[in-house]
Amino acid sequence: MSVHINEFPGIYAKEEDFAEGKILYTVWYPKLHYAWDAGVAIGRYLAELKEGRIIGRKCRKCRRIMVPPRMFCEHCFRPTDEWVYLKDTGTVLTFSICYVTWDMVRVKEPQIPAVIQIDGASKGMGIMHLLGEVEPGKVHVGMRVKAVWKPPEEREGAITDILYFKPLE
Amino acid sequence: MPRVAIVGAGMTKFVRRAQETAKELAWEAASMALESCEMTLDDIDCVVLGSAPDAFDAVHMKSEYLSDGAGAWGKPYIRCYVGGGTGVFAVIQGWYHVASGVFDTCLVVCEEKMSSCMPHPQGAFLTIFDHTTERPLGPNLLWIFALEMNAYMNRYGLRKEDIAYVTVKNRRNAADHPCALLGDPNITVQDVLNSEVLAWPVQRLDVSPISDGAVAIVLAAEHVARRVTNKPVWIEGVGWALDTAYWTNRDLSYPVYVEEAARMAYKMAGIKEPRKEIHIVEPYDPFDYKELHHLEGLLLADRGKAPEDAARGRFDRDKESEPDWLPSSPSGGLLGVGNPIAAAGLMKVAEIFWQLRGEAGKRQVPGNPKRGLAQAWGDLMQVGTVVILGI
Ligand SMILES: [Zn+2]
């Protein structure tokens, strides 16, 4: 380690070393923005979300009804064949109760991300979204949920046109 | 196909923030690896670099930036990057450079400096989520781990206390590692369960730390290896596999791609009964449940049973008397030594190298292990990379 090595390199720099100017550094703030084209499959997906509908895409070879929709089947490696309207209800496959933002700042109200299998799509076909109108402690795998949509006039053709999914009584 | 051996290894300390630049870290590890086998850069035919996203450093084409520290200047040189799987994949890439017969020697260097990225290097990972269907929801990297961990727990009815022992074992093991960031001989399962909840079921002590560090190894074809050392450690099998990027369409409770990578490596190594023929293992452990998940994917534990195996001490470094004893992460793993992404994976390979040569010092696994496996994992929870080493 090996046993033949006594001293390993690597200098542990401490926060105060930077604060006190003992270690010098340079700072840079990149300023860029990106515009991502939605593409063919997701373009239609977003357009349907604006109408308050979830749409999937079927491959006739493997018979999978897929969501998010795609123009080619990555299993069969051939074009998918038809559009299929799905329901806006589903089942929680897994979830988390998240108390921190990406930069590790704690939040008061936890977010509840989940993978939700969408009714009408093939088994295991889920999308990532958020859960709402539910006590964090009451969420469970297998819970039935329904989409809560933005009012039609506020929808913009985005995944956020669904505000969250709430428990289905 | 020429046999390929690891003949030397070196590493820096893994620290939260290193004073050294990325290049300086790479140089420290690379020069130590060469020195350990009494070779110089002149003896090296080609160089492979592993390093995670450019966004950590905000340096375009980090491989070119790091090339002089990695000893690559004026040599055939390539960088690989498969997310967290990089550190083990770099060895695979080095292996096929030499196994092809084109090169006799290869220097493999993995470096990561995560601390430059502020306020938190997680920011560099946000772009793994789909920009149109996922990122508008404001995800953070912890989500996918939390969602996967919960899927695993739910599938087999596991509790947090069944999983927390992995952190305890690894941090205790790391207390004997001279480069470790978080070694702790006294940590308990209760400490893990009491730690801050980040994204349930993930708590603070379920997670490995952000780190800076570098590791390097030297590969040589058999005729060179035998000249350089009397203790070559052979690469007996390699495997890698990738699952779909539609991660919400997969069963998250089992890493199929790790099994595929393992089967490829076992086949190449002629291993029929992995649980008997693998003596030590370094599975990828950025989170405690991941070590268990991967032991199952590697076919070294039954599905859903790795937690109880861990609890009875089957994976402890020194429980020789335990039935089917298999020391796992004897180094202390990412949870204990630290997790400078690409360097952490290569650290696991280096640990198997030192263990098989009987040079792991206080961490030495008893019983003269003859064969070991290192594995890493990454991207959108979808890539598995495996290397099997033997003496
Ligand atoms: Zn298909």
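Visitor: Account for the overall build of chain B, naming residues and giving values.
Guide: When helices and strands are counted, chain B shows 16 helices and 11 strands. Compactness check: chain B gives a C-alpha radius of gyration of 19 Å against a globular reference of 21 Å for 391 residues, within 12% of the reference. Looking at chain B as a whole, 68% of its 391 residues are labelled buried. Once local pairs closer than 6 in sequence are excluded, the contacts in chain B between residues at least 24 apart make up 74%. About 12,600 Å² of surface is accessible on chain B, with carbon and sulfur atoms providing 51% of the total. Treating the 39 positive side-chain charges of chain B as one cloud and the 50 negative ones as another, the clouds have centres 3 Å apart.

Visitor: I'd like to hear about the coordination of the zinc ion, residue by residue, with values.
Guide: Residues and elements named next belong to chain A. Donor atoms from the polypeptide that bind the zinc ion are C59 (SG), C62 (SG), C73 (SG) and C76 (SG), placed at 2.3 Å. Considering all four donor atoms around the zinc ion, the spread of angles at the metal, 105 to 116°, places the coordination shape in the tetrahedral class. Donor residues for the zinc ion sit on one chain with the sequence pattern C-x2-C-x10-C-x2-C. Of this pair, C59 sits in the loop between strand 1 (54-58) and strand 2 (65-66) while C76 sits in the loop between strand 3 (72-73) and strand 4 (78-79), and the two are 17 residues apart along the sequence.

Visitor: I'd like to hear about the pattern of salt bridges, residue by residue, with values.
Guide: Residue and element names in this part refer to chain B. Taken as a whole and assessed by the stated rule, the structure comprises 44 salt bridges over all chains. Its salt-bridge partner being K62, residue E112 comes within 3.1 Å of it at the nearest N-O pair. Of this pair, E112 sits in strand 4 (residues 105-113) while K62 sits in helix 3 (residues 62-66), placing them 50 residues apart in sequence. K62 carries the same exposure label as E112, and that label is buried. Across the salt bridge formed by R357 and E359, the nearest N and O atoms sit 3.3 Å from each other.

Visitor: Please set out the packing of helix 11 (residues 256-269) of chain B against helix 13 (residues 288-297) of chain B residue by residue, giving values where relevant.
Guide: All names here are of chain B. Relative orientation of the contacting elements helix 11 and helix 13 amounts to 50°, with a least axis distance of 8 Å. With respect to helix 13, the axis of helix 11 lies oblique. In the packing of helix 11 onto helix 13, the handedness of the crossing is right-handed. Note on element contacts: helix 13 touches helix 11 through K290, H294 and G297, opposite Y257, V258, E259 and A262. Among the residues forming the contact of helix 11 with helix 13, the class breakdown is three nonpolar, two polar and two charged.

Visitor: Now, about the nonpolar core: what can you tell me, with residues and values included?
Guide: By size, the foremost hydrophobic cluster in this structure holds 159 residues, and its most contacted members are Y45 and L131 of chain A together with I235, W247 and Y266 of chain B. The dominant element in this core, judged by the number of residues it contributes, is helix 16 (residues 341-356) of chain B, at 12 residues.

Visitor: Hey, could you go over the sheet that holds strand 2 of chain A for me, with residue numbers and the actual values?
Guide: Residues and elements named next belong to chain A. Taken in spatial order, the three strands make up an open sheet running 2-1-5, and their pairing is antiparallel. Since the sheet does not close on itself, it has two edges, and those belong to strand 2 and strand 5 (82-86), each with one partner. Note: strand 1 against strand 5, five bridges, orientation antiparallel. Its bridge partner being in strand 5, G56 is matched across the sheet by V84.

Visitor: Explain the interface of chain A and chain B to me, and be specific about the residues and the numbers.
Guide: Between chain A and chain B, the residue contacts involve 52 residues of the former and 57 residues of the latter. Counting the contacts that link chain A with chain B gives three salt bridges. The salt bridge involving E15 of chain A is made with R17 of chain B; its shortest N-O contact spans 3.8 Å. The interface formed by chain A and chain B contains 19 residue pairs in polar contact (both at pLDDT 80 or more). Considering only residue class, the side of chain A that touches chain B consists of 34 nonpolar, 11 polar and seven charged. By the bridge criterion, two bridges tie strand 7 (residues 97-100) of chain A to strand 5 (residues 197-200) of chain B in an arrangement that is antiparallel. The partner of I97 of chain A across the bridge, within strand 5 of chain B, is W200 of chain B.

Visitor: Describe the packing of helix 6 (residues 141-156) of chain B against helix 13 of chain B, listing the residues and the values that go with them.
Guide: All names here are of chain B. At a closest axis distance of 10 Å, the pairing of helix 6 and helix 13 adopts a crossing angle of 55°. Between helix 6 and helix 13, the crossing angle belongs to the class labelled oblique. In this structure, helix 6 meets helix 13 at a crossing whose hand is left-handed. Judged by residue contacts, F145, E148, M149, Y152 and Y156 of helix 6 engage D288, Y289, K290, L292, H293 and E296 from helix 13.

Visitor: Help me get a handle on the side chain of R171 of chain B, residues and values and all.
Guide: With respect to the secondary-structure elements, R171 of chain B resides in helix 8 (residues 165-174). Among buried Asp, Glu, Lys and Arg side chains, R171 of chain B stands out as unpaired, with D184 of chain B the closest opposite charge at 5.3 Å.

What counts and how
- Residue positions are given per chain, counting from 1 as you read along its sequence in written order.
- Ligands are numbered from 1 and chains lettered from A, in the order in which they are written.
- Owing to the predicted nature of the model, reporting of local features is limited to residues with pLDDT of at least 70; listing and counting of side-chain atom pairs is limited to 80 or more, with chain, interface and lining totals taken over all residues.
- Derived side-chain values reflect all non-hydrogen atoms in the structure, with water molecules and hydrogen atoms excluded from consideration.
- Put simply, DSSP H or I for four residues or longer makes a helix, DSSP E for two residues or longer makes a strand, and each gets a number counted from the N terminus.
- Restricting the calculation to C-alpha atoms gives the radius of gyration, and the globule rule supplies 2.2 Å times the number of residues raised to the power 0.38.
- Categorising residues by exposure relies on relative accessible area from a 1.4 Å probe, with only protein chains included: less than 20% of the type maximum marks a residue as buried, more than 50% marks it as exposed, and the intermediate range marks it as partly exposed.
- Should any heavy atoms of two residues lie within 4.5 Å, those residues are considered in contact.
- Here the open area of atoms and residues is found with the Shrake-Rupley method and a 1.4 Å probe, where only the protein chains shown may cover a residue.
- By the counting scheme adopted, Arg and Lys are positive, Glu and Asp are negative, and His together with the chain ends is not counted.
- Taken as the charge centre is NZ of Lys, CZ of Arg, CG of Asp or CD of Glu, depending on the residue.
- Metal-coordinating donors are taken as N, O and S atoms lying within 2.8 Å of the metal, or within 3.2 Å when the metal is Na, K or Ca; because water is left out, some sites can appear incomplete.
- Donor angles set the geometry label: tetrahedral for four donors if every angle is between 85 and 135 degrees, square planar for four and octahedral for six if opposite donors exceed 155 degrees and the others are between 65 and 115, irregular for anything else.
- Each reported salt bridge corresponds to a side-chain nitrogen of Lys or Arg within 4 Å of a carboxyl oxygen of Asp or Glu.
- Axis geometry follows a simple rule: fit a line to the C-alpha atoms, using only the stretch in contact for helices, then measure angles between N-to-C directions, giving values from 0 to 180 degrees.
- For classification purposes, an angle smaller than 35 degrees is called roughly parallel, one larger than 145 roughly antiparallel, one from 65 to 115 roughly perpendicular, and anything else oblique.
- Whether a crossing is left-handed or right-handed is set by the direction in which the near helix is turned from the far one by less than a right angle, anticlockwise for left-handed and clockwise for right-handed.
- Residues are grouped as follows: Ala, Val, Leu, Ile, Met, Phe, Trp, Tyr, Cys and Pro are nonpolar; Asp, Glu, Lys and Arg are charged; all remaining types, including Gly, are polar.
- Here the nonpolar core consists of buried residues drawn from Ala, Val, Leu, Ile, Met, Phe, Trp, Tyr and Cys, with membership extended through side-chain atoms lying within 4.5 Å.
- Think of it this way: DSSP has to see at least two bridges between two strands before they count as a pair.
- In protein, a polar contact means a hydrogen-donor-capable atom and an acceptor-capable atom, both N or O and within 3.5 Å, with residues adjacent in sequence counting only if both atoms are side-chain atoms; elsewhere, any N or O pair within 3.5 Å suffices.

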